[in-house]
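Descriptive structure summary
Residues per chain are reported as follows:
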Amino acid sequence: QKEVEQDPGPLSVPEGAIVSLNCTYSNSAFQYFMWYRQYSRKGPELLMYTYSSGNKEDGRFTAQVDKSSKYISLFIRDSQPSDSATYLCAMSALWYGGATNKLIFGTGTLLAVQP
Amino acid sequence: DSGVTQTPKHLITATGQRVTLRCSPRSGDLSVYWYQQSLDQGLQFLIQYYNGEERAKGNILERFSAQQFPDLHSELNLSSLELGDSALYFCASSVGGSDRAHEAFFGQGTRLTVV
């Protein structure tokens, strides 16, 4: 079993829809939870990260972490064609001194927002 | 532009050969991380260097090695290349002087094709 599971999609939605992307994980030591956006043939771009449980909002994006269920979500409101990309979740455990030094990635969900 | 520079962008080489991938981190970042992205394995952490010293190791093959130089640029050396080594190789660097992988910025990657 992989440490991080993510539905690969593809997910196709009309413009303006609310998108929900999800990951589950098995390692209870994970403390940092990240969402990346990756356009074709480009490097991953950090959208936001959350420490421990809770919600975080940044513009049209909201990240949620439920550590009791080992489940994280990314919601995109008012989705735009420019949001079409692969979305990767990633997680990290704390190291000594509070550092984090490696990310465990999900396989990514391919999202297509249709105009 | 993340500020992380990777060269070359593309590399085509034959099996059995050796190649060197180069990464220049963002100004001021002391940590460099290497990741491999392949279709079947997704994004996998290979190795981290912090201020010239190896800090953490992931799923890095013995045929692969890395180093970080005094000017903080890093090189990933891949030897005895096999077809299965064909992948995107990403370098990331993290903010300031700490190893904070959850805030790392990724370069655009080097696409390696082994023929």
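Each remark here, short or long, concerns the structure printed above.
Below you will find a few notes about this structure. (Residues numbered from 1 in each chain as written. Chains lettered and ligands numbered in written order. Predicted model: local features only at pLDDT ≥ 70, side-chain atom pairs only at ≥ 80, totals over all residues. Heavy atoms only, no water.)

1. So, the interface of chain A and chain B
Bring the parts together and some accessible area is lost; that lost area is often taken as the interface size. Note the threshold: When checking whether two residues touch, look at their non-hydrogen atoms; a contact exists if any pair is within 4.5 Å. For any pair of parts, buried area is found by adding up, for both, the accessible area (1.4 Å probe) each one loses once the two are put together. Whenever a carboxyl oxygen of Asp or Glu lies within 4 Å of a side-chain nitrogen of Lys or Arg, that contact is scored as a salt bridge. Between N or O atoms, a polar contact is any pair within 3.5 Å; within protein, one atom must be a potential hydrogen donor and the other a potential acceptor, and residues adjacent in sequence are included only when both atoms are from side chains. Comment: elements are numbered from the N terminus, with helices defined as DSSP H or I runs of at least four residues and strands as E runs of at least two. Polar here means any residue outside two lists: the nonpolar Ala, Val, Leu, Ile, Met, Phe, Trp, Tyr, Cys and Pro, and the charged Asp, Glu, Lys and Arg; Gly therefore counts as polar.
Chain A puts 19 residues into the contact, and the matching count from chain B is 19 residues. Summed over both partners, the interface of chain A with chain B comes to about 1,800 Å²; 52% of that surface belongs to carbon and sulfur atoms. At the boundary of chain A with chain B, the tally comes to zero salt bridges. On inspection of chain A and its partner chain B, the count reaches three residue pairs in polar contact (both at pLDDT 80 or more). Of all the secondary-structure elements, those providing two or more residues to the side of chain A that touches chain B are β4 (30–38) and β5 (45–51) of chain A. Per-element accounting of the side of chain A that touches chain B gives the leading share, four residues, to β4 of chain A. The residue makeup of the side of chain A that touches chain B, split by class, is 12 nonpolar, four polar and three charged.

2. Side note on the sheet that holds strand β7 (residues 64–68) of chain B
Residue and element names in this part refer to chain B. Note the cut-off: What makes two strands pair is DSSP finding at least two bridges between them. Interaxial angle, 0 to 180 degrees, is taken between N-to-C directions of lines fitted to C-alpha atoms, where a helix line uses only the stretch in contact.
Judged by pairing direction, the sheet is antiparallel, and its four strands sit side by side in the order β1-β3-β8-β7 without closing on themselves. Across the chains shown, the open sheet's two edge strands, defined by having one partner strand only, are β1 (5–7) and β7. Pairwise comparison of adjacent strand axes, ignoring direction, gives a mean angle of 15° for this sheet. Alignment of strand β3 (residues 19–24) against strand β8 (residues 74–78), held across five bridges, turns out to be antiparallel. Across the sheet, the residue bridging to V19 is L78, located in β8.

3. Describing the state of the cysteines
All names here are of chain A. To keep things clear, this is the line we draw: By disulfide we mean two sulfur atoms from cysteines, separated by a distance within 2.5 Å.
Applying the stated criterion across every chain, the model contains two disulfides over all chains. Sulfur-sulfur distance for the disulfide between C23 and C89 comes to 2.0 Å. Looking down the S-S bond of the C23 and C89 bridge, the torsion is -105°, so its handedness is left-handed. In this pair, C23 sits in strand β3 (residues 19–25) while C89 sits in strand β9 (residues 85–93), placing the two residues 66 residues apart along the sequence.

4. Description of the side chain of Q36 of chain B
All names here are of chain B. As a reminder, the rule being used: Partly exposed describes any residue whose relative accessible area lies between the buried limit of under 20% and the exposed limit of over 50%, with all areas from a 1.4 Å probe on protein chains only and scaled to the type maximum.
Examined against the element boundaries, Q36 turns out to sit in strand β4 (residues 31–38). Residue Q36 is classed as buried on the basis of its relative accessible area, which comes to 15%. A distance of 2.9 Å separates polar atoms of two side chains, one belonging to Q36 and the other to Y89. Ignoring anything within four residues of it in the chain, the contact list for Q36 reads G42, L43, Q44, L46, F64, D85, A87, L88 and Y89.

5. Some remarks on the packing of aromatic side chains
The criterion, for reference: For Phe, Tyr and Trp, rings pair up if their centres lie within 6.5 Å, where Trp contributes its six-membered ring, and each pair is then called stacked (planes under 30 degrees apart), edge-to-face (over 60) or tilted (otherwise).
Scanning all chains against the criterion turns up 12 aromatic pairs over all chains. Plain terms: the ring middles of Y32 of chain A and Y51 of chain A are 4.9 Å apart, the flat faces sit at 50° to each other, and that makes the pair tilted. Pair noted here: Y32 of chain A is in strand β4 and Y51 of chain A is in strand β5, with a separation of 19 residues, a long-range link. Relative accessible area serves as the criterion here: at 10%, Y32 of chain A is assigned to the buried category. Between the aromatic rings of F105 of chain A and F106 of chain B, the centroid separation amounts to 6.1 Å while the plane-to-plane angle is 80°, which identifies the pairing as edge-to-face. Linking F105 of chain A in strand β10 (residues 104–105) with F106 of chain B in strand β10 (residues 105–106), this pair reaches from one chain into another. Taken together, the aromatic side chains of Y36 and F105 of chain A together with Y35, F45, F90 and F106 of chain B make up a single cluster linked through ring pairs.

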